[in-house]
Amino acid sequence: GAGVSQSPSNKVTEKGKDVELRCDPISGHTALYWYRQRLGQGLEFLIYFQGNSAPDKSGLPSDRFSAERTGESVSTLTIQRTQQEDSAVYLCASSPGTRDTQYFGPGTRLTVL
Amino acid sequence: QKEVEQDPGPLSVPEGAIVSLNCTYSNSAFQYFMWYRQYSRKGPELLMYTYSSGNKEDGRFTAQVDKSSKYISLFIRDSQPSDSATYLCAMSAPTGNQFYFGTGTSLTVIP
């Protein structure tokens, strides 16, 4: 079956613009994670969705970042008023449940000029 | 202090060598330990998943967890050029939703 997909694969934007990143998880996976990976850095947790429970937003770095997920389907990560320090690869992962194996998408490479 | 520390390398070895990759951590509550492999411009893929202490072997890969020392290792035997990638350790506690990742170690296996 299909793995986790993310779109776009690359996004170049100007400072101050809003961007929206999309993640399609594996069908049936109730858990979905967003991570940020800066060059030479580890994965930084951003947000976690589990089924219809309230999301864990504790990793979002500022109020410019938000994410939504409808049920157990697609998720979007929105970054408003982008800054140059937002440049990174944004990775999405889904898993059958909490602390189960995470399956990662290929990531969206965001460049803010 | 970071939750997870990992030497970024880079590490370069000849084909056939045994590779040892390591991470240390500070949170004694961590119980779940993972190793991921990430090829350039790809998402990480899970290699090994270990619960609590001990060893786990899968083909050429062996994962070790030493909770008393807060130290985990991944050994790769008979390394191949296709093993050239960045290896990330990750861990989590029984409570909470977060996984904590190391910065990754870049490995090159030279034919």
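Since the structure is predicted, the reported quantities are computational estimates derived from the model, not experimental observations.

Attention now moves to the overall build of chain A. Summing up its helical and strand segments, chain A has zero helices and 10 strands in all. Against the globule reference of 13 Å for 113 residues, chain A gives a C-alpha radius of gyration of 13 Å, in line with a compact fold. Put simply, chain A has 113 residues, and 49% of those count as buried. Of the contacts made within chain A by residues no fewer than 6 positions apart, 55% connect residues no fewer than 24 positions apart. Accessible surface computed for chain A: about 5300 Å², of which carbon and sulfur atoms make up 44%. Between the averaged position of the 12 positive side-chain charges in chain A and that of its 12 negative side-chain charges there is a distance of 4 Å.

Here we come to the pattern of salt bridges. Residues and elements named next belong to chain B. Counting across every chain of the model gives six salt bridges over all chains. The closest approach of N and O atoms between Glu 57 and Arg 77, which form a salt bridge, is 3.4 Å. Placement of the pair is Glu 57 in strand E6 (residues 54-58) and Arg 77 in the loop between strand E8 (71-76) and strand E9 (85-92), with a sequence separation of 20 residues. Relative accessible area serves as the criterion here: at 59%, Glu 57 is assigned to the exposed category. Judged by relative accessible area, Arg 77 falls into the partly exposed class, the value being 28%.

What follows concerns the state of the cysteines. On inspection of all chains with the given rule, the structure shows two disulfides over all chains. Note that Cys 23 of chain A is cross-linked by a disulfide to Cys 92 of chain A, the S-S spacing being 1.8 Å. Judged by the torsion about the S-S bond (-60°), the Cys 23 of chain A/Cys 92 of chain A disulfide is left-handed. Of this pair, Cys 23 of chain A sits in strand E3 (residues 19-24) while Cys 92 of chain A sits in strand E8 (residues 88-95), placing them 69 residues apart in sequence. The burial state of Cys 23 of chain A is the same as that of Cys 92 of chain A; both residues are buried. In this model Cys 23 of chain B forms its disulfide with Cys 89 of chain B; the gap between the sulfur atoms is 2.0 Å. Its S-S torsion of approximately -100° makes the covalent link between Cys 23 of chain B and Cys 89 of chain B left-handed.

Residue and element names in this part refer to chain B. Taking strand neighbours across the sheet as the criterion, the five strands line up as E1-E3-E8-E7-E6 in an open arrangement whose pairing is antiparallel. For this open sheet the edge positions go to strand E1 (4-6) and E6, each flanked by a neighbour on one side alone. Pairs of neighbouring strands in the sheet enclose a mean axial angle of 15°, with direction left out of account. Relative to E8, strand E7 (residues 61-66) is paired through six bridges, and the arrangement is antiparallel. Among the inter-strand pairings, Asp 66 is bridged to a residue of E8, identified as Tyr 71.

Next up on the list: the nonpolar core. The biggest cluster of nonpolar side chains holds 25 residues, and the ones touching the most others in it are Trp 35, Ile 72, Leu 74, Tyr 87 and Met 91 of chain B. Leaving out residues up to four positions away in the same chain, Leu 74 of chain B has contacts with Val 19, Ser 20, Leu 21, Trp 35, Leu 47, Met 48, Phe 61, Thr 62, Ala 63 and Tyr 87 of chain B. Counting 20 residues, the second-largest nonpolar core is a separate cluster that includes Leu 21, Ile 26, Cys 92 and Val 112 of chain A.

Across the contact, 22 residues belong to chain A and 21 residues belong to chain B. When the buried surface of chain A facing chain B is broken down by residue, Leu 43, Arg 99 and Phe 104 of chain A rank first, second and third, together holding 36% of it. In this assembly, chain A and chain B are joined by zero salt bridges. Broken down by secondary-structure element, the contributors of at least two residues to the side of chain A that touches chain B are strand E4 (31-37) and strand E5 (43-50) of chain A.

Conventions adopted
- Residues numbered from 1 in each chain as written.
- Chains lettered and ligands numbered in written order.
- Predicted model: local features only at pLDDT ≥ 70, side-chain atom pairs only at ≥ 80, totals over all residues.
- Heavy atoms only, no water.
- Helix = DSSP H or I, 4+ residues; strand = E, 2+ residues; numbered from the N terminus.
- Rg over C-alpha atoms; globule rule 2.2 N^0.38 Å.
- Buried < 20%, exposed > 50% of the residue type's maximum accessible area, 1.4 Å probe, protein only.
- Contact = heavy atoms within 4.5 Å.
- Areas by Shrake-Rupley, 256 points an atom, 1.4 Å probe, with all protein chains shown as cover.
- Lys, Arg positive; Asp, Glu negative; His and termini not counted.
- Charge placed at Lys NZ, Arg CZ, Asp CG, Glu CD.
- Salt bridge = Lys/Arg side-chain N within 4 Å of Asp/Glu carboxyl O.
- Disulfide = S-S within 2.5 Å.
- Pairing = 2+ DSSP bridges.
- Axes fitted to C-alpha atoms, helices over the stretch in contact; angles between N-to-C directions.
- Core = buried A, V, L, I, M, F, W, Y, C linked by side-chain atoms within 4.5 Å.
- Buried area = accessible area lost by both parts, 1.4 Å probe.

Don't take any of this as a statement about function, it's just geometry.
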